[in-house]
Amino acid sequence: SKQYIEKHPVDMIVLATDGVGGISRMVRPSRAQRLARDTKLMTLFIPEGGRNFVQSATGEVTLRRILVPVDPATDPRPAMARAVRSAALLDDPSLEITLLHVGPEREHENTDVPDLPFCKWNVLQRPGDVVEGILGVAEQIQADAIYMSTTWSKAGFGKTGRGVTEAVISGANCPVGAVPVDPI
């Protein structure tokens, strides 16, 4: 709960989600997403029945592919850094990070990537709807996780109207790391 987090400092919250959407989400917004917004902490949302990068039987971590959506109004570097740090914690850090721009084609800003021996970077551009693009590419590349920079204050997050982050969390078949950032 928020009270526990206020009394005991933490770096990240890990929450299970049920992926409820539609009318149910409008009537009863997600407590998990509201907690993430209120605490402004990095939050990893684990979907019920989705892919998971930690094997429950053995505890083995198989984090090989992370998708990082890039929004021109939100600095992607904090999500990129969290993705790289996740790989650095593994015994065999071999990671492919895909930066995804969805929308009209243009120069990609804020996508300078560090040269790391254990990390391969890809940059993709997709036209169309942002949420459908993110979820479609996540399935296409079989992402083990999606890490997205987000401003918790954007209209829709955890409220009646759905923002991009909330829609991705609700629709993703893999864990989603929501990394709080200030708007650019």
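Everything discussed here concerns the structure shown above.
Presented here is a report on the structure given in the accompanying data block. Note that the structure is predicted; figures quoted are calculated from it, not measured.

1. Quick notes on helix α5 (residues 130-140)
- Burial in α5 covers these residues: V131, G133, I134, V137 and A138. For α5, the angular spread of the buried residues around the axis is 165°, confining them to a single face. Opposite the buried face of α5, by more than 90 degrees, sit the exposed residues E132 and Q140.
- On its buried side, α5 packs onto β3 (65-70), β4 (95-102), β5 (119-126), β6 (145-150) and α6 (164-171).
- The opening residue of α5 is D129, an N-cap whose side-chain oxygen sits 3.2 Å from the backbone nitrogen of V131.

2. Quick word on the pairing of strand β2 (residues 42-47)
- Of all 6 residues in β2, 6 are buried; the element is thus mostly enclosed.
- Alternating positions in β2 separate into two faces, M42, L44 and I46 on one and T43, F45 and P47 on the other, with burial throughout.
- Across 3 bridges, the pairing between β2 and strand β7 (residues 176-180) is antiparallel. Bridging from a neighbouring strand, T43 pairs with A178 of β7.

3. Topic: the packing of α5 against α6
- Remark: α5 packs on α6, axes separated minimally by 10 Å, with the N-to-C direction vectors making an angle of 35°. The interaxial crossing formed by α5 with α6 has right-handed handedness. Here α5 contributes V130, V131, I134 and L135 to the contact with α6, which in turn contributes V164, A167, V168 and G171.
- Broken down by class, the residue content of the contact of α5 with α6 amounts to 7 nonpolar, 1 polar and no charged.

Cut-offs used in this document
Residues numbered from 1 in each chain as written. Predicted model: local features only at pLDDT ≥ 70, side-chain atom pairs only at ≥ 80, totals over all residues. Heavy atoms only, no water. Buried < 20%, exposed > 50% of the residue type's maximum accessible area, 1.4 Å probe, protein only. Helix = DSSP H or I, 4+ residues; strand = E, 2+ residues; numbered from the N terminus. Arc of directions from axis to C-beta. Contact = heavy atoms within 4.5 Å. Polar contact = N/O pair within 3.5 Å; in protein donor to acceptor, adjacent residues only side chain to side chain. Pairing = 2+ DSSP bridges. Axes fitted to C-alpha atoms, helices over the stretch in contact; angles between N-to-C directions. Left-handed = near helix turned anticlockwise from the far one by under 90°. Nonpolar A, V, L, I, M, F, W, Y, C, P; charged D, E, K, R; others polar.

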